[in-house]
Amino acid sequence: MTSKETYIQNFINGNFQNPKSDEWIDNFNPANGEVYGKIPNSSKADVEEAVNASAKAFPGWSTTTVEERSKIMLKIADGIEAKLQFLAEAESKDNGKPISLALSVDIPRAASNFRFFGHAITQFASEAHESVGHNAVNFTLRKPLGIVGCISPWNLPLYLFTWKIAPALAAGNCVVAKPSEVTPMTAYLLGEICNQAGLPKGVLNIVHGLGQTTGQAIVEHPQIKAVSFTGGTATGEHIARTAAPMFKKLSLELGGKNPNLIFADCDYDKMLDTTVRSSFANQGQICLCGSRIFVEESIYEKFKSDFVARVKALKVGHPSEKESKLGALVSKPHLEKVLSFIEDAPAQGATILCGGKKVTVPSFENGYYLEPTVIEVKSNQCKLNQEEIFGPVVTMMSFKTEEEALAMANEVRYGLSATLWTNNLNRTMRFSNELQTGIVWVNTWMMRDLRTPFGGMKDSGVGREGGWEALRFFTEPKNVCIQYS
Ligand code: NAD
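This structure is a prediction, so every number in the text was calculated from the model and none was measured. (Residues numbered from 1 in each chain as written. Predicted model: local features only at pLDDT ≥ 70, side-chain atom pairs only at ≥ 80, totals over all residues. Heavy atoms only, no water.)

(A) Region of the structure containing the overall build of the chain. Assigned secondary structure in the chain consists of 16 helices and 22 strands. Whereas a compact globule of 485 residues would reach a radius of gyration of roughly 23 Å, the chain reaches 23 Å, a difference of no more than 12%. Looking at the chain as a whole, 58% of its 485 residues are labelled buried. Pairs at least 24 residues apart make up 74% of the contacts formed inside the chain by residues separated by at least 6 positions. For the chain, the exposed area adds up to about 19400 Å²; of that, 54% sits on carbon and sulfur atoms. With 49 positive and 51 negative side-chain charges, the chain shows a spacing of 3 Å between the two charge centroids. (Helix = DSSP H or I, 4+ residues; strand = E, 2+ residues; numbered from the N terminus. Rg over C-alpha atoms; globule rule 2.2 N^0.38 Å. Buried < 20%, exposed > 50% of the residue type's maximum accessible area, 1.4 Å probe, protein only. Contact = heavy atoms within 4.5 Å. Areas by Shrake-Rupley, 256 points an atom, 1.4 Å probe, with all protein chains shown as cover. Lys, Arg positive; Asp, Glu negative; His and termini not counted. Charge placed at Lys NZ, Arg CZ, Asp CG, Glu CD.)

Below, the structure written as structure tokens:
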């Protein structure tokens with residue numbers, strides 16, 4: 001790596017620059033536990049400069065024709081695709097995820113985010129209401145908000161970073177964005193791609209640093225009109241407390257503890273394959289993973305033995321190895337947090353069916369590897385079923401009736417997604433209506449159509465992303481009423 005790549009810099013007004021304080025944070029490679037770079041520990045002053053750059057760019061960008069904006073967005077998508085291998089390697093090194101996953105999911109989706117919103121903005125329209133009998137007509141203008149803040153987590157770094165930035169830019173806003181300090185690399189690399197695509201200077205500014213300082217400075221900056229945040233529920237609550245008295249628009253995508261409900265009448269083989277994936281993809285570090293498995297009593301013992309056998313066969317290894325199904329967890333503190341849940345399991349009357357231990361990968365002994373872990377619980381009330389673990393850990397228990405399954409699915413503070421395995425249409429409709437989640441998958445998992453509303457209920461968030469929802473969030477509607485004679 002060149003020294004420029006090792007030292008990640010802020011991207012402000014189209015330039016790469018060091019933090020004003022010249023303070024830096026270590027960037028770790030989860031696969032071997034070593035520091036492989038430094039990232040800016042940006043202060044309020046850096047955020048201020050980014051806001052100023054955005055403010056200067058806004059009059060031009062907000063009045064750029066939709067065709068031109070769309071063209072630039074599509075070029076950014078092409079730029080990401082052209083660097084697929086390079087970006088996937090960078091993502092895998094920064095996050096610990098298997099390179100195969102970054103190649104097939106993370107980076108292609110980042111390109112799709114720009115392409116989707118580059119197209120969507122050309123189709124975005126507003127309503128008109130004719131007030132018959134009053135000689136009046138109303139129409140709605142949808143104006144960009146101005147400068148908006150986008151703050152993203154470490155689990156799907158470029159995927160989620162671009163999921164926010166793309167609609168914000170498409171709608172004509174200027175953006176001050178911060179990726180997670182745990183996985184800053186691909187956000188840094190995006191700056192160059194934006195310059196090459198001809199995105200005007202200052203339209204997108206990327207500031208790196210810690211949540212409590214850099215993130216906080218973005219959220220509390222008076223010129224930032226809206227904040228789109230994805231991350232933990234506690235952080236979301238803190239952001240809401242800061243932003244609400246300033247009357248900022250907020251989109252919060254927060255934690256989850258998603259039920260995976262399996263009925264005896266399902267397509268068993270498809271369910272089994274998908275459940276292995278929905279439990280352990282990305283080391284279980286996807287907000288949509290089905291971390292609580294509930295299985296109908298009549299197939300519980302069969303499922304238990306088949307599932308555990310499949311999980312035991314999953315290979316944990318270095319992210320760059322083709323055979324690795326699970327790579328490393330994202331950080332040492334996160335590995336320790338996940339392990340503490342596992343250690344606590346027996347005290348909660350739970351049984352570890354497989355996994356539960358750190359894995360030593362030869363030549364990478366200090367990497368943050370953990371066996372995929374299946375825990376049988378006795379009650380949905382236990383901590384393992386109520387708190388978000390966000391690692392390669394799933395719990396399972398049986399149920400007797402549909403009512404019992406539904407009650408347990410909803411008996412949690414979170415409400416992001418649910419997966420249902422059944423071929424019974426009536427049951428499908430009953431659950432679709434009654435599940436307290438923003439997303440219900442039936443006989444599938446994580447099948448994403450970018451036009452659909454994405455987000456959670458209860459403590460999993462406020463608002464929805466995706467499609468028109470995102471473009472509506474990033475615009476201010478203004479009704480104009482004209483009476484004529
Ligand atoms: P986190 O809340 O610790 O951090 C997320 C981002 O917020 C980071 O960029 C961080 O620096 C920043 N941040 C932290 N404190 C801040 C503050 N006071 N002000 C402003 N910004 C601040 O979350 P994480 O550990 O990076 O990610 C894991 C969490 O994200 C899990 O809870 C997971 O469920 C959730 N998540 C949710 C979704 C979803 O769509 N609902 C998607 C992915 C991840």
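(B) Quick look at the confidence of the model for the chain. Across the chain, the average pLDDT comes to 97, with 99% of residues at or above 70. This stretch, residues 1-5, has a pLDDT under 50; its non-local contacts, to residues over four places away or in other chains, come to 11 contacts. (pLDDT = per-residue confidence, 0-100.)

(C) Representation of the nonpolar core in the model. Ile 80, Phe 114, Phe 117 and Leu 288 are the most contacted members of the largest nonpolar core, which totals 77 residues. The contacts of Phe 117, once residues within four sequence positions are left out, are Met 73, Trp 163, Ala 166, Pro 167, Ala 170, Gly 466, Gly 467, Ala 470 and Leu 471. Counting 29 residues, the second largest nonpolar core, distinct from the first, contains Leu 261, Val 393, Ala 405 and Leu 420. (Core = buried A, V, L, I, M, F, W, Y, C linked by side-chain atoms within 4.5 Å.)

(D) Representation of the site of the ligand. Near the ligand, the surroundings consist of 30 residues, among which Lys 178, Glu 181, Thr 235, Leu 254 and Glu 388 are the closest. Here Glu 388 contributes a side-chain N or O atom positioned 2.5 Å from an oxygen atom of the ligand. Expressed as a share of its isolated accessible area of 850 Å², the protein-covered part of the ligand is 89%. Mapped onto the shell around the ligand, the elements with two or more residues apiece are α8 (211-220), β10 (224-230) and α9 (233-243). (Near = heavy atom within 4 Å. Polar contact = N/O pair within 3.5 Å; in protein donor to acceptor, adjacent residues only side chain to side chain.)

(E) Representation of the sheet that holds strand β22 (residues 475-483) in the model. Taken in spatial order, the three strands make up an open sheet running β5-β6-β22, and their pairing is antiparallel. Of all the strands in the sheet, just β5 (128-131) and β22 have a single pairing partner and so form its edges. On average, each strand axis in the sheet is inclined to that of its neighbour by 20°, with strand direction left out of account. (Pairing = 2+ DSSP bridges. Axes fitted to C-alpha atoms, helices over the stretch in contact; angles between N-to-C directions.)

(F) A look at the environment of Thr 444. If you trace the backbone, Thr 444 turns up in the loop between β19 (439-442) and β20 (457-458). A sequence separation of 25 residues divides Thr 444 from Glu 469, and the C-alpha atoms of the two residues are 23 Å apart. Ignoring anything within four residues of it in the chain, the contact list for Thr 444 reads Thr 274, Thr 419 and Trp 421.

(G) Inspection of the pattern of salt bridges at higher detail. Scanning the entire structure with this criterion turns up 21 salt bridges. Across the salt bridge formed by Lys 400 and Glu 297, the nearest N and O atoms sit 3.8 Å from each other. On the criterion of sequence distance, the pair formed by Lys 400 in the loop between β16 (393-399) and α14 (402-410) and Glu 297 in helix α11 (residues 297-312) is long-range, its members being 103 residues apart. Classification of Lys 400 as exposed rests on a relative accessible area of 58%. Among the residues examined, Glu 297 registers a relative accessible area of 43% and is labelled partly exposed. Here Arg 430 makes a salt bridge to Glu 402, at a shortest N to O gap of 2.7 Å. In this pair, Arg 430 is assigned in helix α15 (residues 425-434) and Glu 402 in helix α14, connecting sequence segments 28 residues apart. You can call Glu 402 buried: its relative accessible area is 16%. (Salt bridge = Lys/Arg side-chain N within 4 Å of Asp/Glu carboxyl O.)

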